[in-house]
Amino acid sequence: QVQLVESGGGLVQPGGSLRLSCVASGNIGSISAMAWYRQAPGKQRELVAAITHSGGSTNYGDSVKGRFSISRDNAKSAVYLQMNSLKPEDTAIYYCNAENPETQWHYWGQGTQVTVSS
C-alpha cells in the first residue's frame, strides 16, 4: 500500500502562485510515474501534469502548459506542482496520483483545495 498526502492548497488572487506538495509513504518502491489531477465542481477529473520516475519526462494538460511545472524529489518521496499565473478556472480540488507499473494500480491522495478568486 502507498499513502499520498497533499498540502499547499489555499486561496489566491488571479495572477498569483501556489506550490502544491505530495509526499508518499508506505511501499514507495512499488510506484513509478506520479501525477497531479484536478476536479472542479460539476466537471470530470482531468490530468494536470505527470512525471516519470526519473523526472526526465513530463506531460501537461493543455490548459496549464506554460504556467504550471511538475517536479519530484525521490529522496523525499515527494512530487510538487508549481502553479503560476493562476486563473479563476484553475479553481478545483487537486489530487496527487501514483502508479504501480506492475499492477497498474493507481493510488490517490485525499486532495487539496485550490481557489483562485479576487
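All figures in this text were calculated on a predicted structure; none of them were measured in a lab.

**Student:** Mind showing me how you'd approach the overall build of the chain here?
**Tutor:** Assigned secondary structure in the chain consists of zero helices and eleven strands. Secondary structure elements of the chain occur, N-terminal to C-terminal, as β-β-β-β-β-β-β-β-β-β-β. Computed over C-alpha atoms, the radius of gyration of the chain comes to 14 Å, within 12% of the 13 Å expected from 2.2 N^0.38 for 118 residues, which places it in the range of a compact globule. Along the first, second and third principal axes, the C-alpha atoms of the chain reach 45 × 25 × 25 Å. Buried positions account for 42% of the 118 residues belonging to the chain. Restricting the contact set of the chain to residue pairs at least 6 apart, pairs at least 24 apart contribute 53%. Measuring between centres, the 9 positive side-chain charges of the chain sit 5 Å from its 8 negative side-chain charges.

**Student:** Looking at this structure, I do not really get the sheet that holds strand E3 (residues 18-26). What am I missing?
**Tutor:** By definition, the strands of a sheet pair up through backbone hydrogen bonds, in either a parallel or an antiparallel sense. As summarised here, the arrangement of the four strands in space is E1-E3-E8-E7, forming an open sheet in which the pairing is antiparallel. The strands lining the two open edges of the sheet, one partner per strand, are strand E1 (2-7) and strand E7 (68-73). Strand-to-strand twist across the sheet, computed as the mean angle between neighbouring axes with direction ignored, equals 15°. Of the strand pairs in this sheet, E7 and strand E8 (residues 78-83) are connected by six bridges, and their pairing is antiparallel. What sits directly across from Ser 71, in E8, is Tyr 80.

**Student:** In this structure, what is going on with the state of the cysteines? I would like to understand it.
**Tutor:** Throughout the structure, instances matching the rule amount to one disulfide. Cys 22 shares a disulfide with Cys 96; S-S distance 2.1 Å. Residues Cys 22 and Cys 96 are joined by a disulfide whose S-S torsion is about -80°; by sign, that bridge is left-handed. Placement of the pair is Cys 22 in strand E3 and Cys 96 in strand E9 (residues 92-100), with a sequence separation of 74 residues.

Calculation rules
Residues numbered from 1 in each chain as written. Predicted model: local features only at pLDDT ≥ 70, side-chain atom pairs only at ≥ 80, totals over all residues. Heavy atoms only, no water. Helix = DSSP H or I, 4+ residues; strand = E, 2+ residues; numbered from the N terminus. Rg over C-alpha atoms; globule rule 2.2 N^0.38 Å. Buried < 20%, exposed > 50% of the residue type's maximum accessible area, 1.4 Å probe, protein only. Contact = heavy atoms within 4.5 Å. Lys, Arg positive; Asp, Glu negative; His and termini not counted. Charge placed at Lys NZ, Arg CZ, Asp CG, Glu CD. Pairing = 2+ DSSP bridges. Axes fitted to C-alpha atoms, helices over the stretch in contact; angles between N-to-C directions. Disulfide = S-S within 2.5 Å.

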